Amino acid sequence: FQPDKKKPIDYKGKHEVEGIIQGIMAEFQNLLQYRSQQLPDELKRQKAGAGNQQKQEGGSEEPSKVITLTDDNFDEIVMKSNDVWLIGFFAPWCGHCKAILPDWEEAARNLDGEGVSLGSVDATT
């Protein structure tokens, strides 16, 4: 989403870890510039309780850093957060969606604690 959280930003970059991270970091820099001019006190806030403690696909013991978003939690987690968000809309049966999940997880782990969150929405519901 743009800094005012009114309009999402469409990701048009590469669908691999490096491309995702580069896209996120570019938007993160834009957001930091905006906040440094408009909202300096907002930088002190942290997102509240937005983490999933679900295991990753494949049985890994490490909790997923990708936040599962639904109609019930989207506004509370994303819209009230100060983080930059990259949200993927996935279909559980889709081969392309399944193929990107490991990269999505890796990008989420690499960006954890950097003010950037990755979320996923089940696009079939």
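Residues numbered from 1 in each chain as written. Predicted model: local features only at pLDDT ≥ 70, side-chain atom pairs only at ≥ 80, totals over all residues. Heavy atoms only, no water.

Caption draft 1: Layout of the overall build of the chain. A count of helices and strands for the chain gives three helices and three strands. Put simply, the chain runs from its N terminus to its C terminus through helices and strands in the order α-β-α-β-α-β. Looking at the chain residue by residue over its 125 residues, the buried ones come to 36%. Contacts spanning at least 24 positions in sequence make up 65% of the contacts within the chain whose residues lie at least 6 apart. (Helix = DSSP H or I, 4+ residues; strand = E, 2+ residues; numbered from the N terminus. Buried < 20%, exposed > 50% of the residue type's maximum accessible area, 1.4 Å probe, protein only. Contact = heavy atoms within 4.5 Å.)

Caption draft 2: Spotlight on the pairing of strand β2 (residues 84–90). Counting buried positions along β2 yields six of seven residues, so the element is predominantly enclosed. Strand direction decides the pairing type here: β2 and strand β3 (residues 116–122), joined by seven bridges, are parallel. Within β3, the position partnered with V84 by the bridge is V116. Following the backbone out of β2, through helix α3 (residues 95–111) and into the adjacent parallel β3, one traces a crossover that is right-handed. (Pairing = 2+ DSSP bridges. Right-handed = clockwise from strand over helix to strand, strands pointing away.)

Caption draft 3: Spotlight on the side chain of S81. Within the secondary structure, S81 sits in the loop between α2 (74–79) and β2. Separated by 3.3 Å, the side chains of S81 and W85 make a polar contact. (Polar contact = N/O pair within 3.5 Å; in protein donor to acceptor, adjacent residues only side chain to side chain.)

Caption draft 4: Region of interest: the packing of aromatic side chains. As enumerated under the stated definition, the model contains one aromatic pair in all. Seen from their ring centres, F90 and W104 are 5.5 Å apart, and the 80 degrees between their planes marks the pair as edge-to-face. Taken together, the residues F90 in strand β2 and W104 in helix α3 connect sequence positions 14 residues apart. Of the residues examined, F90 reaches a relative accessible area of 12% and is grouped as buried. (Phe/Tyr/Trp six-rings, centres within 6.5 Å; stacked < 30°, edge-to-face > 60°.)

Caption draft 5: Structural detail: the nonpolar core. If you look at the biggest cluster of nonpolar residues, it comprises 20 residues, and the most contacted ones within it are I20, I24, L86, W104, L111, V116 and L118. Elements with a minimum of two residues in this core: α1 (17–38), β2, α3 and β3. The residues contacting I20, other than those within four sequence positions of it, are Y11, K14, L86, I100, W104 and A107. Counting eight residues, the second largest nonpolar core, distinct from the first, contains I67, L69, W85 and I87. (Core = buried A, V, L, I, M, F, W, Y, C linked by side-chain atoms within 4.5 Å.)

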